[in-house]
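What follows is the residue order along each chain.
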Amino acid sequence: DAFALGVGTTIGTLSDNGYAFHGRFLLVLVLPGPLILLDGQASFLKARGSGDPNFLSLAIFDGRAGTLLFNVQAHYAYTGTGDLIDITGFAEVFFDFSNARKWHLYLGQDAPESRRIRANIISLFEANSYFMLNHGGVRMGAWFGLNRKWKYGPLKVTLAAWIEGAAAVSWAPKQFEGSLTLNGDVALKAFGVGASLNLRALLEAKAPHPYRVHAEFRVKMNLPWPLPDPKAKVKLTWEEELPREL
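Residues numbered from 1 in each chain as written. Predicted model: local features only at pLDDT ≥ 70, side-chain atom pairs only at ≥ 80, totals over all residues. Heavy atoms only, no water.

Asks: Outline the pairing of strand S11 (residues 155-170), listing residues and values.
Replies: Relative to S11, strand S10 (residues 137-152) is paired through 16 bridges, and the arrangement is antiparallel. Each residue of the ladder has a partner; that of glycine 145, found in S11, is tryptophan 162. Hairpin connection, S10 to S11: the antiparallel pair is bridged by 2 residues, and glycine 153 has positive phi, about 65 degrees. Examined bridge by bridge, S11 and strand S12 (residues 175-190) share 16 bridges and lie antiparallel to one another. Bridge pairing links alanine 167 to glycine 178 in S12. In this structure, the hairpin formed by S11 and S12 is closed by a connection of 4 residues. (Pairing = 2+ DSSP bridges. Helix = DSSP H or I, 4+ residues; strand = E, 2+ residues; numbered from the N terminus.)

Printed below as a string of structure tokens:
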């Protein structure tokens, strides 16, 4: 019980047969509604027909539900296998015209991690991040680190180090929460005997209600038997009840 009309087009740079930029786009109009859909995919610095597109986009205006959704997925790899850099990202915008409080802007999402903006650099370092904004506040976070293993004959070496930060701010009530974590692991193993060292530092903060700052530092060693495994932990916490605004 509807009527639909669609039109598609392919565009690209003429001088280099679309190598600098080329894309395909489809516009669909459905009545009654109206329901308007715009779907597209595009690539840059890539020969036409070679590999997956760099950008995928979808925009939907639903006149019956009174909503607008716009979604973009991007992927870029330098060299065909992404040995130097490989980046994947998502962005989403949503509006509900019948409810001004129902909207959001996402540049990546905190969960699942596959929805974050992700980067692999020189096949050694990894990074991911997200930024989420809606009527209630904003949340953001980032992670950067490496996790590598090497084997040289009977010797195995493991190295893992990363830093992660996250923050959230709410508008009503006004509140800030944030954390910063640093972690490092190194392990050596030869002929079935090994030792490892772990270092971890954590800083958390909340303000103004409640007001709390917590810091923690931990170090731990795992030594071959029968040696003991030394470890130490230090915790510091500041808490205060601040007066609330009238």
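Asks: Let's hear about a positive patch on the surface: which residues, and what values?
Replies: On the surface, a cluster of positive charge is contributed by Arg218, Lys220, Lys231, Lys233 and Lys235. Among the secondary structure elements, those contributing two or more residues to the positive patch are strand S14 (211-222) and strand S15 (231-240). Looking at which element gives the most residues to the positive patch, the answer is S15, with 3 residues. With respect to the secondary-structure elements, lysine 233 resides in strand S15. Residue classification places lysine 233 among the partly exposed positions, given a relative accessible area of 49%. (Patch = residues over 30% accessible without salt bridge, like charges linked within 9 Å, V, L, I, M, F, W, Y side chains within 5 Å. Areas by Shrake-Rupley, 256 points an atom, 1.4 Å probe, with all protein chains shown as cover. Salt bridge = Lys/Arg side-chain N within 4 Å of Asp/Glu carboxyl O. Lys, Arg positive; Asp, Glu negative; His and termini not counted. Charge placed at Lys NZ, Arg CZ, Asp CG, Glu CD. Buried < 20%, exposed > 50% of the residue type's maximum accessible area, 1.4 Å probe, protein only.)

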